[in-house]
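Single-letter residue listing:
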Amino acid sequence: MIAHLAILLGGLVLDRLIGDPPWLWKSVSHPVVLIGRLIDSLDRRLNREDFTGETRRRAGFFALGLMLLAALVLGSFVAAVADAFGFFGMIVEAVIVAVFLAHKSLVDHVRAVGIAINEGGLAQARRAVAMIVGRDPDGLDQPGVLRAAIESLAENASDGVVAPAFWYLIFGLPGLLAYKVVNTADSMVGHMNPRHRDFGFASAKLDDLMNIVPARLTAGLFALASMLGRTGPGFSQVVAITRRDAGLHRSPNAGWPETAMAAALDLSLGGPRRYRDLIVDAPMLNADGRRQAMPADLARAIALFERAMAIVIVAIIVALVVGMPG
């Protein structure tokens with residue numbers, strides 16, 4: 001556990017400082033891209049239109065099981081090789097962990113929305129937010145664009161940083177790779193459309209299970225970060241609002257970080273949204289908060305996220321110091 005803590009600390013710091021350098025992933029494919037290609041291949045081969053719903057669901061379980069087995073075997077092998085090289089192996093493993101975290105890239109993408117609003121106007125901001133959300137941005141006004149970016153920041157803080165860090169800490173590289181397989185599969189095939197309703201069932205349900213703890217941890221981190229910010233609601237108020245409204249979200253997990261973020265910023269997030277031809281009448285989270293989000297709120301959201309991640313790093317450092325032999 002101490003070794004995992006040290007490696008995770010290195011991975012978090014590397015990801016925050018370096019992130020995903022574009023020059024690197026122009027030369028080689030990002031591991032998540034490779035996972036996505038595998039999922040797409042299995043989807044095309046096993047999710048046939050002439051299959052019954054039951055057969056598609058079984059095929060989805062088989063595909064996910066196959067990918068999880070590959071992730072566990074590969075993760076165990078790489079971890080064993082890294083362990084054999086001692087300190088140098090720990091550095092390599094920290095780099096691998098950093099690759100699967102999304103702190104800097106998430107902040108960069110969200111900050112780009114604010115830059116677009118300030119420099120290019122609403123049309124450019126809509127294009128920027130389309131990079132991080134699945135909804136149709138064309139009908140969004142400026143407050144809507146800002147709310148969408150803040151919601152994405154909150155949800156991806158859990159999916160992209162806290163959850164992979166959590167599963168690495170529990171099960172090492174096998175746990176980290178398994179989580180990324182499940183989370184990527186859910187984002188690609190875990191939908192309720194006719195093609196993926198059955199094939200993506202296993203991916204969607206396992207992703208829900210694997211995010212139960214990380215989503216609530218992220219909400220708690222936002223509550224702590226709000227308390228440390230000294231300008232927003234206190235810890236107990238954020239927790240109370242989150243416990244009240246998180247269950248309103250259609251996702252069993254996304255509502256936790258999104259509601260905590262909304263409460264910490266005194267904003268009302270959620271509400272109706274459009275996904276191409278589908279309009280989702282989602283409820284408001286923290287309905288008593290302000291609906292007219294401003295560019296300053298986006299900056300405050302990023303600052304809240306940064307404080308939350310700083311809390312994680314400090315907690316790991318404290319655990320390392322306490323856990324070191326005297």
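Our subject is the structure that appears above.
Residues numbered from 1 in each chain as written. Predicted model: local features only at pLDDT ≥ 70, side-chain atom pairs only at ≥ 80, totals over all residues. Heavy atoms only, no water.

**Q** Can you help me understand the overall build of the chain in this one?
**A** When you go through the chain residue by residue, the secondary structure sums to 13 helices and 4 strands. If one aligns the C-alpha atoms of the chain with their principal axes, the spans along those axes are about 65 × 55 × 40 Å. In the chain, of all internal contacts separated by at least 6 residues, the share reaching a separation of at least 24 is 70%. When the accessible area of the chain is evaluated, it comes to approximately 15,900 Å², of which 65% is carbon and sulfur surface. Measuring between centres, the 31 positive side-chain charges of the chain sit 1 Å from its 29 negative side-chain charges. (Helix = DSSP H or I, 4+ residues; strand = E, 2+ residues; numbered from the N terminus. Contact = heavy atoms within 4.5 Å. Areas by Shrake-Rupley, 256 points an atom, 1.4 Å probe, with all protein chains shown as cover. Lys, Arg positive; Asp, Glu negative; His and termini not counted. Charge placed at Lys NZ, Arg CZ, Asp CG, Glu CD.)

**Q** What is the right way to read helix α12 (residues 255–265) from this model?
**A** For an α-helix, 3.6 residues make a turn, and residues three or four places apart therefore share a direction. α12 sits mainly inside the fold: 10 of its 11 residues count as buried. Where α12 is concerned, the buried positions are G255, P257, E258, T259, A260, M261, A262, A263, A264 and L265. Considering only its buried residues, α12 is in contact with α8 (142–189), α10 (212–229), α11 (235–245), β1 (269–270), β4 (284–285) and α13 (295–323). One or two positions beyond α12, positive phi appears at D266, with a value near 60°. (Buried < 20%, exposed > 50% of the residue type's maximum accessible area, 1.4 Å probe, protein only.)

**Q** Explain the nonpolar core here, please?
**A** Looking at soluble globular proteins, one finds that nonpolar side chains tend to be buried together. Residues V113, F222, M261 and F305 are the most contacted members of the largest nonpolar core, which totals 83 residues. Per element, the largest residue contribution to this core is 23 residues, and it comes from α8. For M261, the contacting residues outside a window of four places in its chain are I150, L153, A154, F222, A301 and L304. (Core = buried A, V, L, I, M, F, W, Y, C linked by side-chain atoms within 4.5 Å.)

**Q** Where do I start with the pattern of salt bridges in this structure?
**A** Oppositely charged side chains can pair when the atoms bearing their charge come close. One pass over the structure, following the stated rule, counts 10 salt bridges. Here the salt bridges share partners, and the residues they tie into one network are R290, D297 and R300. (Salt bridge = Lys/Arg side-chain N within 4 Å of Asp/Glu carboxyl O.)

**Q** Please clarify how the packing of aromatic side chains should be interpreted in this entry.
**A** The geometry of two aromatic rings is summed up by the distance between their centres and the angle between their planes. Inspection of the entire model under this criterion finds 3 aromatic pairs. When the ring of F61 is compared with that of F201, the centres are 6.3 Å apart and the planes differ by 50°; the resulting orientation is tilted. One end of the pair, F61, is in helix α4 (residues 53–84); the other, F201, is in helix α9 (residues 201–210), and 140 residues separate them in sequence. Seen from their ring centres, W167 and F171 are 6.0 Å apart, and the 15° between their planes marks the pair as stacked. In this pair, W167 and F171 both sit in helix α8, 4 residues apart, roughly one turn of the helix. The exposure class of W167 is buried, given its relative accessible area of 16%. Here the aromatic residues F166, W167 and F171 are joined through ring pairs into a cluster of three or more. (Phe/Tyr/Trp six-rings, centres within 6.5 Å; stacked < 30°, edge-to-face > 60°.)

**Q** Is there a simple way to explain the side chain of R147 in this structure?
**A** For R147, the position within the fold is in helix α8. One buried charged residue, R147, remains without a salt bridge, the closest side chain of opposite sign being D141 at 4.8 Å. With near-sequence residues (within four places) excluded, R147 lies in contact with S268, L269, R291 and A293.

**Q** Whenever I open this one, the environment of P252 confuses me. Can you help?
**A** Among the secondary structure elements, P252 is positioned in the loop between α11 and α12. In sequence terms P252 and I212 are 40 residues apart; their C-alpha atoms lie 7.8 Å from each other. Aside from chain neighbours lying at most four places away, what touches P252 is D208 and R216.

**Q** Would you take a moment to explain the packing of α4 against α9 for this structure?
**A** Two elements in contact, α4 and α9, have axes whose closest approach is 7 Å; the angle formed by their N-to-C orientations is 55°. By the angle between their directions, the pair α4 and α9 is classed as oblique. In contact with R57, G60, F61, L64 and L68 of α4, α9 contributes F201, A202, S203 and L206. Looking at the contact of α4 with α9 residue by residue, the classes come out as 6 nonpolar, 2 polar and 1 charged. (Axes fitted to C-alpha atoms, helices over the stretch in contact; angles between N-to-C directions. Parallel < 35°, antiparallel > 145°, perpendicular 65-115°, else oblique. Nonpolar A, V, L, I, M, F, W, Y, C, P; charged D, E, K, R; others polar.)

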